[in-house]
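# Remarks on the overall topology
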Amino acid sequence: MGQEEPKKEPWLNYLALSTVVIAVCATLSTFKGGGYSTRSVLMQNQASDQWAFFQAKSIKEALAENERGQLEREGNRGGGAELAARLKACNDRIAKYEKEKGKIQERAQLLEKERDEVLRHGRPFGVAVIFLQIAILLSSVAALLKKQWVWVAGMAVGICGLVQFANGFWLFM
């Protein structure tokens, strides 16, 4: 005759099920948080590129303004139609650079705004992963020690993680 197996406590079934649910949410949270992190880096890079482009246009504008100053000084000493045409071309370039800079600045600011919005979603997913991993750890300890109070503590931490996980999608906090 064999030994009788000890009777399994019913709460251990709930422990197993809740641990699986929390592990799935932790995995999804890691995936979503990583996606938002990648998007924020890409948007920051694009915004930085736009600001560099803005700076390049500013330098070209400053050079054109210097040229205009020189042409105006030459004009004070007397110049002809050719000088007036060069001055007009210079003023046209300055106006063009100003217009281009305005569009570039608008695009860079839009990218920064999108980056900030992406970061607002990404942060809660990162916090969720921390809470959910702790909940998984506590559930594992509870299963090993067969201590229901450790599992309940883990579920309390897990609920905090699930709230942060949901917050990553809907930003209610």
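As the structure is a prediction and not an experimental result, all values here were calculated from the model.

With that out of the way, let us pick up the pattern of salt bridges. Throughout the structure, instances matching the rule amount to seven salt bridges. Here glutamate 61 ties to lysine 101 by a salt bridge, and the two come within 2.6 Å at their closest N and O atoms. Residue glutamate 61 is found in helix α1 (residues 11-76), and its partner lysine 101 is found in helix α2 (residues 81-145); the two are separated by 40 residues along the sequence. Each member of the pair, glutamate 61 as well as lysine 101, is classed as buried. When the shortest N-O distance is used, the salt bridge between glutamate 67 and arginine 93 registers 2.5 Å. Of this pair, glutamate 67 sits in helix α1 while arginine 93 sits in helix α2; the two residues are 26 residues apart in sequence, bridging distant segments of the chain.

Right, let's talk about the nonpolar core for a bit. Core analysis: the biggest nonpolar cluster contains 19 residues, and Trp11, Leu15, Ile22, Leu132, Ala142, Trp151 and Phe165 have the highest contact counts within it. Contributing elements (two or more residues each) for this core: α1, α2 and α3 (148-170). The leading source of residues in this core is α1, at eight residues. Discounting chain neighbours no more than four positions away, the residues touching alanine 142 are Trp11, Leu15, Lys147, Val150 and Trp151. Ala64, Cys90, Ile94 and Tyr97 belong to the second largest nonpolar core, which has six residues in total.

On to the confidence of the model for the protein chain, then. Per-residue pLDDT for the protein chain has a mean of 95; in total, 98% of the residues score no lower than 70. Across the protein chain, element-level confidence peaks in α3 with a mean pLDDT of 98 and bottoms out in α1 with 96.

Helical periodicity: at 3.6 residues per turn, an α-helix aligns residues three or four positions apart in one direction. Counted at 1.5 Å a residue, the expected span for α2 with its 65 residues is 96 Å, and the 95 Å between its end C-alpha atoms agrees. Positive phi appears at lysine 146, one or two residues downstream of α2, with a value of about 55 degrees.

Next up on the list: a nonpolar patch on the surface. A cluster of nonpolar side chains, Ile159, Val163, Phe169, Trp170, Phe172 and Met173, forms an exposed patch at the surface whose accessible area comes to about 670 Å². Mapped onto the secondary structure, isoleucine 159 falls in helix α3. Accessibility expressed as a relative area gives 53% for isoleucine 159, which makes it exposed.

With that settled, consider the state of the cysteines. Summed over the entire model, instances satisfying the criterion amount to zero disulfides. Free of any disulfide, cysteine 160 has its nearest cysteine sulfur in cysteine 25, 14 Å distant. Owing to a relative accessible area of 38%, cysteine 160 belongs among the partly exposed residues under this scheme.

As a further point, take α3. Between its first and last C-alpha, α3 extends 33 Å over 23 residues, near the 33 Å set by a 1.5 Å rise per residue. Turning to α3, its buried residues are Val150, Trp151, Gly154, Met155, Gly158, Gly161, Gln164, Phe165, Ala166, Asn167 and Gly168. Of the residues flanking the end of α3, it is leucine 171, one or two places downstream, whose phi is positive at about 50 degrees.

The rules behind these values
- Residues numbered from 1 in each chain as written.
- Predicted model: local features only at pLDDT ≥ 70, side-chain atom pairs only at ≥ 80, totals over all residues.
- Heavy atoms only, no water.
- Salt bridge = Lys/Arg side-chain N within 4 Å of Asp/Glu carboxyl O.
- Helix = DSSP H or I, 4+ residues; strand = E, 2+ residues; numbered from the N terminus.
- Buried < 20%, exposed > 50% of the residue type's maximum accessible area, 1.4 Å probe, protein only.
- Core = buried A, V, L, I, M, F, W, Y, C linked by side-chain atoms within 4.5 Å.
- Contact = heavy atoms within 4.5 Å.
- pLDDT = per-residue confidence, 0-100.
- Expected span 1.5 Å × (residues − 1).
- Patch = residues over 30% accessible without salt bridge, like charges linked within 9 Å, V, L, I, M, F, W, Y side chains within 5 Å.
- Areas by Shrake-Rupley, 256 points an atom, 1.4 Å probe, with all protein chains shown as cover.
- Disulfide = S-S within 2.5 Å.

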